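The primary structure of each chain is shown beneath.
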Amino acid sequence: MTTATALVLSAPVAAQETHPETGETLAENQSFSYRLLDQFPTLDPQLIEETAGGHVSRQLFEGLLTQNLDGTLRPGVATEWSTEDNQTWTFTLREDARWSNGDPVTAHDFVYAWNRAADPATASEYSWYVELAQITGAADVIAGEAEPGTLGVTAIDDYTLQVELDAPLPYFPQMTVHYTLMPSPQATIEEHGSDWTQPANIVTNGAFILDELAVNEFFRLVPNPEYWGADDLIITDVTGYVINDANQALSRFQAGEFDMMDDLPAGSYPDLEAEMPDVAHAVPRLCSYYYAVNHTETGHEALQDVNVRRALSYAVRREVITDQILQAGQAPAFNFAHWATADFEQPTIYYSELTQDERMEQAIALMEEAGYGPDNPIQLDLIYNTSENHRQIAIALSQMWAPLGVEVTLSNFEWQSYLDIRANQRFDLARGAWCADYNEASTFLDLLTSNNDNNDGRYTSEEFDALLAEAATADDPQPLYTQAEEVLARDMAIIPIYHYTQNFVLDPSIRNWAFDNAENNWYVRDIYRVAE
C-alpha cells in the first residue's frame, strides 16, 4: 500500500461568518468527510464504471452540465445549450473555465475525451454509453471499424461544441452529466499515461483537486483555486474513508469521525430513524439490486435452462429481503427499471401477482421439469463484493433455494477482484446493482443489450435488442419498455431482487444536501456546515 501526495495547497477557511444567501451562522470548521464501502479502482472519467469513483469524479471534474439539488440540469462548463431538432446540439462554453494547472478548458477537451471513451484502445467499460447517447459514428469507432476522432462531435471554436446524433434524443443534455462525457486533459494523459490520476500528476477542472490518496484507506480533496466558481465554495476540504464493515463504519460515524455514510447495516434503519430523526434519511434512489446469471458456457449448465432461471427467481421471497433484512423502504422488484424513473410506468410482471406460496409451487415444478431437485441437486457458485448486507442477502437466498435442490457456495471478494471476476464470467450467479446514469428507463434496460460491456451475464436476445433500438427513437417509448421488461421476465435474464432507497446518515450540521436528487448525484460545492 502506498500513499502519493501532491503539492499541498493550503485550504482556505470560510471567508464569511454567515451564509451569503440563508444568513445561517457558519461553523468555523468547514471540512466534510464521508465513508466509502469500497476503494474506487480509478478516477479516470473515461474508465470509471462504479458509483464510488463516480461520486469523487463529480467533485474533481465538471462536464458540460451538472445538476441542481433536485436533479434538474444547471450549467457546468457549458452556459447555454440548444437544438432545433433534438439531433444537432450546440453547447456554448464559459470562457472562465480552467484546468487546475491554469490552462483553459475548451471544446477540444470534450472532443478528445469523448473520442477517447469510444476508442477501443482505451478499453473503457463505458464505451457503450457513447453509442447509447446516439452520437454519430460511435458504433463504428467502438467496433474498431472507424478511426477514433470520427465521432459526430466538433469544436466549432474553442468555446462552441457541436454534437451530431444518429437520431433525435430529447434527453441528450441529461446524459452529458455522466462522468464518461466529462473532459480530460490530453497533455497530462499523454505525459503520464495510466499514472495521470495520481495526486502528483492529476489535472482536473472541477471544484476540487486530489491532494492525497492511500489505497483502501482514504483520500483527501482540497479546493481548486482555478475553478470558475472557487469564490463560492464554503467547504475547505473533503476526506473519504474506505471502510468495508458497515457496523464498524456506523460506530465510527456515531463517534463523530465523519459526516455521512450510506450502505447502512441491514435492519439498522428503523432504530436509527427513531433515535436520530434529524440524522437518518431514506429517499428514493434510482438503483435496482439483482443477481446476474451467467448465460455463457462458463456458468453452470443448468442455468442454460430457462425453467431453472425462472425457478430461482420465483423462489425468492423478496418481502423478506426488503421488510425483514433491509428495513429501509426498499421495494420488492420483479422488473429491472426502478419504479421512480421519470416518465416510466412500471409493468405488471406475471409472477408478481402470484402469492409467494404459488410462486414456490411453480418453482418446484419448473425445477422438476428441468430434471433437478433434492434428489438431483445443483451446486451453484454465488459471488458478491465484501459487505455484510450482501452476505446476509446471499445467505437468505441460498436458504430460499434449498427446497429446490440448489446448493450454493458463497464467495466474497474485494471490489476490484469482484469486478474482474464478474466481467470475465467466472461465476454462476453474481450480486449486481445498477444505478441510473441519467433519469430515463433506457439507463437500466440498455445494460442487458448484447453489445453492452457491463452485461456481465452475457444475456443475448435479438428481440430485446430490437425493442431497445426502436425505443431510442420512439416518440413514446413506454410500450416498448413494457415489452422489453416482459422479454426479460420471460427469459429470466436476471433475477431482480429489490428497488433501492437511499438510506443514509448525515450530520445535521451539513446543509444543502441533494435529498431530492433521485440519481444520488451530490456536489460538495453546494454544501456547507452551520454552527451548532
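A brief report on the enclosed structure follows.

Counting residues in each nonpolar core, the largest one holds 111 residues, and the members touching the most others are Phe 32, Phe 91, Trp 114, Leu 161, Val 163, Phe 172 and Phe 336. At 8 residues, the largest contribution of residues to this core is made by helix H2 (residues 107–118). Contact partners of Phe 336, with chain neighbours within four places excluded, come to Ser 288, Tyr 290, Trp 434, Phe 444, Leu 445, Leu 447, Leu 448, Glu 485, Leu 488, Ile 494 and His 499.

Before going further, it helps to spend a moment on the packing of aromatic side chains. Within this structure, the stated rule accounts for 36 aromatic pairs. Here Tyr 126 and Tyr 179 contribute two aromatic rings whose centre-to-centre distance is 5.8 Å and whose plane-to-plane angle is 65 degrees, an arrangement assigned as edge-to-face. Here Tyr 126, found in the loop between H2 and helix H3 (127–132), pairs with Tyr 179, found in the loop between helix H5 (172–175) and helix H6 (186–192); they are 53 residues apart in sequence, far enough to count as distant. In this structure, Tyr 126 and Tyr 179 share a single accessibility class: buried. A ring pair is formed by Trp 128 and Tyr 129, whose centres lie 6.0 Å apart and whose planes are at 75 degrees; its orientation type is edge-to-face. Three or more aromatic residues joined by ring pairs form one cluster here, namely Phe 32, Tyr 34, Phe 40, Phe 219, Phe 504, Trp 513, Phe 515 and Trp 522. Taking the ring centre of Tyr 523 as reference, the NZ or CZ of Arg 74 above it sits at 5.2 Å. Of note, Arg 94 hangs over the ring of Trp 228, and the distance from its end group to the ring centre comes to 3.5 Å.

The full count for this structure, using the stated rule, is 1 disulfide. A sulfur-sulfur separation of 2.0 Å characterises the disulfide bridge that pairs Cys 287 with Cys 435. Taking the sign of the S-S torsion, 110 degrees for the link of Cys 287 and Cys 435, the bridge is right-handed. Taken together, the residues Cys 287 in strand S13 (residues 280–293) and Cys 435 in strand S17 (residues 429–435) connect sequence positions 148 residues apart. On the basis of relative accessibility, which here comes to 15%, the residue Cys 435 falls in the buried class.

Another point: the packing of helix H9 (residues 306–314) against helix H11 (residues 356–370). Describing two packed helices takes the angle between their axes plus the distance from one axis to the other. Two numbers describe how H9 lies on H11: the axes approach to 8 Å, and their chain directions differ by 155 degrees. As judged from the angle between their axes, H9 and H11 are roughly antiparallel. Here H9 and H11 pass one another in a crossing that is left-handed. Judged by residue contacts, Asn 307, Val 308, Arg 310, Ala 311 and Tyr 314 of H9 engage Gln 356, Arg 359, Gln 362, Ala 363, Leu 366, Met 367, Glu 369 and Ala 370 from H11. Looking at the contact of H9 with H11 residue by residue, the classes come out as 7 nonpolar, 3 polar and 3 charged.

Next up on the list: the side chain of Asn 294. Among the structural elements, Asn 294 can be located in the loop between S13 and H9. Within the structure, Asn 294 has its side chain in polar contact with the backbone oxygen of Gln 425 (distance 3.1 Å). Excluding its chain neighbours within four sequence positions, the residues that come into contact with Asn 294 are Gly 299, Leu 303, Gln 304, Gln 425, Phe 427, Asp 428 and Gly 457.

The next point concerns the pairing of strand S11 (residues 237–242). The buried count for S11 comes to 5 of 6 residues, which makes it a mostly enclosed element. The pairing of strand S2 (residues 31–36) with S11 spans 6 bridges and is classified as parallel. Paired with Arg 35 across the two strands is Tyr 241, which belongs to S11. In this structure, strand S10 (residues 218–223) lies alongside S11, joined through 4 bridges in antiparallel fashion.

As a further point, take helix H15 (residues 462–471). Within H15 the residues assigned to the buried category are Phe 464, Leu 467, Leu 468 and Ala 471. Taken around the axis of H15, the buried residues stretch over an arc of 95 degrees, which confines them to a single face. The exposed set on the far side of H15, more than 90 degrees from its buried face, consists of Glu 462 and Ala 469. Where the residues of H15 are buried, they touch helix H14 (442–445) and helix H16 (478–491).

Along helix H13 (residues 415–423), the positions that sit buried rather than exposed are Trp 415, Tyr 418, Leu 419, Ile 421 and Arg 422. With its buried residues spanning 165 degrees around the axis, H13 presents them on a single face. Buried positions along H13 lie against strand S15 (378–385), strand S16 (406–413) and S17. Where H13 begins, the side chain of Glu 414 points an oxygen toward the backbone nitrogen of Gln 416, at a separation of 3.0 Å. In the segment just after H13, Gln 425 is the residue with positive phi, at about 55 degrees.

Definitions and limits used
Residues numbered from 1 in each chain as written. Predicted model: local features only at pLDDT ≥ 70, side-chain atom pairs only at ≥ 80, totals over all residues. Heavy atoms only, no water. Core = buried A, V, L, I, M, F, W, Y, C linked by side-chain atoms within 4.5 Å. Buried < 20%, exposed > 50% of the residue type's maximum accessible area, 1.4 Å probe, protein only. Helix = DSSP H or I, 4+ residues; strand = E, 2+ residues; numbered from the N terminus. Contact = heavy atoms within 4.5 Å. Phe/Tyr/Trp six-rings, centres within 6.5 Å; stacked < 30°, edge-to-face > 60°. Lys NZ or Arg CZ within 6 Å of the ring centre and 35° of its normal. Disulfide = S-S within 2.5 Å. Axes fitted to C-alpha atoms, helices over the stretch in contact; angles between N-to-C directions. Parallel < 35°, antiparallel > 145°, perpendicular 65-115°, else oblique. Left-handed = near helix turned anticlockwise from the far one by under 90°. Nonpolar A, V, L, I, M, F, W, Y, C, P; charged D, E, K, R; others polar. Polar contact = N/O pair within 3.5 Å; in protein donor to acceptor, adjacent residues only side chain to side chain. Pairing = 2+ DSSP bridges. Arc of directions from axis to C-beta.

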